[in-house]
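These are the residues of each chain, in order.
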Amino acid sequence: MSVLTISSLTIKHREETLVQNIRLSVNEGDWLALVGESGSGKSVTASSIGGLLPRELIISSGRIHFGEANLLDLKEKEWQNYRGKVISYIFQDYQGAFTPFMTIGAHFDEMLKTHTNNSKQQRKERALETLKNVNLPEERVYKSYPFQLSGGQLQRAAIAMAMMLKPKLLIADEPTTALDSITATHVLQLISNLQQQTNCAVLFITHDLRHVRKYANKMAVMLKGEIVESGSKTSILQQPQHAYTKALIAAIPSLRSTKNRLVTI
Ligand SMILES: Nc1ncnc2c1ncn2[C@@H]1O[C@H](COP(=O)(O)OP(=O)(O)OP(=O)(O)O)[C@@H](O)[C@H]1O
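Residues numbered from 1 in each chain as written. Predicted model: local features only at pLDDT ≥ 70, side-chain atom pairs only at ≥ 80, totals over all residues.

Caption draft 1: Just the pairing of strand β7 (residues 169-173), in detail. Buried residues dominate β7, accounting for 5 of its 5 residues. Of the two faces of β7, the one carrying Leu169, Ile171 and Asp173 and the one carrying Leu170 and Ala172 are both buried. Note that strand β6 (residues 87-91) and β7 share 5 bridges and pair parallel. Paired with Tyr89 across the bridge in β7 is Ile171. (Buried ≥ 20, exposed ≤ 12 C-beta atoms within 10 Å, placed from the backbone. Helix = DSSP H or I, 4+ residues; strand = E, 2+ residues; numbered from the N terminus. Pairing = 2+ DSSP bridges.)

Caption draft 2: Up close: the site of the ligand. As a structural note, the neighbourhood of the ligand is formed by 13 residues, with Leu18, Ser38, Lys42, Ser43 and Val44 the closest of them. Among the elements that line the shell around the ligand, the one with the most residues is helix α1 (residues 42-49), at 3 residues. Among the residues making up the shell around the ligand, the classes are represented as 4 nonpolar, 7 polar and 2 charged. (Near = placed C-beta within 6 Å. Nonpolar A, V, L, I, M, F, W, Y, C, P; charged D, E, K, R; others polar.)

Caption draft 3: Here's a closer look at the nonpolar core. Core analysis: the biggest nonpolar cluster contains 71 residues, and Leu32, Leu169, Val202, Leu203 and Phe204 have the highest contact counts within it. Ignoring anything within four residues of it in the chain, the contact list for Val202 reads Trp31, Leu32, Leu170, Ala172, Ile191 and Gln195. (Core = buried A, V, L, I, M, F, W, Y, C linked by C-beta atoms within 7 Å. Contact = placed C-beta atoms within 7 Å.)

Caption draft 4: Spotlight on the sheet that holds strand β2 (residues 16-27). Pairing in this open sheet of 4 strands is antiparallel, and the strands run β2-β1-β4-β5 from one edge to the other. Single-partner strands in this sheet number two, and they are β2 and β5 (69-70). Alignment of strand β4 (residues 57-66) against β5, held across 2 bridges, turns out to be antiparallel. Counterpart to Phe66 in the pairing with β5 is Ala69.

If you want it as structure tokens, here you go:
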């Protein structure tokens, strides 16, 4: 079932066109990887979905359909029913997901207060269970301030919070860039496990085609504000059509080959 359909999306900063004529569609259970060079418009596109564009950036045309709703028609108040609840974000800057002077537990509590009718006790139990589910020492993390946790722990807590209300769409904007490679692998595996538990759709922005190969089923390639190629991951990695996609793949030795390799994913 379709979760998100973006059509003809164009975003401008004054006279400058940042992204143009974007078309994307994500279904339940999809893991769509959005790749492309730095500055090609991946984050701007991702931010527009959740109504998070800075004021100076203007959507000059297009539609973003989420189920029945065109998200571009939502009033700020109506966003409360979407953001954090059915559309969640995880960012590279996981520190930014938390306010420094609030404990992790207080963040979870705030989110549950906003979106549920759970009692205080229920909220605490739910937060602890969610933290435990991402393999964090739940009691300690609940009581900790963000600076008392490692980067990997903090990103896990951010993911746990993003997934707590079982969103239909998780937007992950380079969530592992700031982590060492082993922690990054664990974090991606965690997102993948949570996706399997909830069957949510994932829109995943990354520079790392190895992650695309491992986790995505679809991919879209951006260049200079436009999507130059999109479709199934396997067909794009095996038979890239656009010169830029070919160059991207050629730059990763382990991806350069081939059908045999891709079959072993
Ligand atoms: N607030 C802003 N005001 C003006 N231009 C902006 C703003 N935010 C982004 N841009 C411009 O929009 C373009 C797309 O930026 P975006 O951050 O979406 O790229 P990206 O593909 O996510 O890059 P990266 O991979 O480096 O994160 C860039 O040219 C960038 O300079």
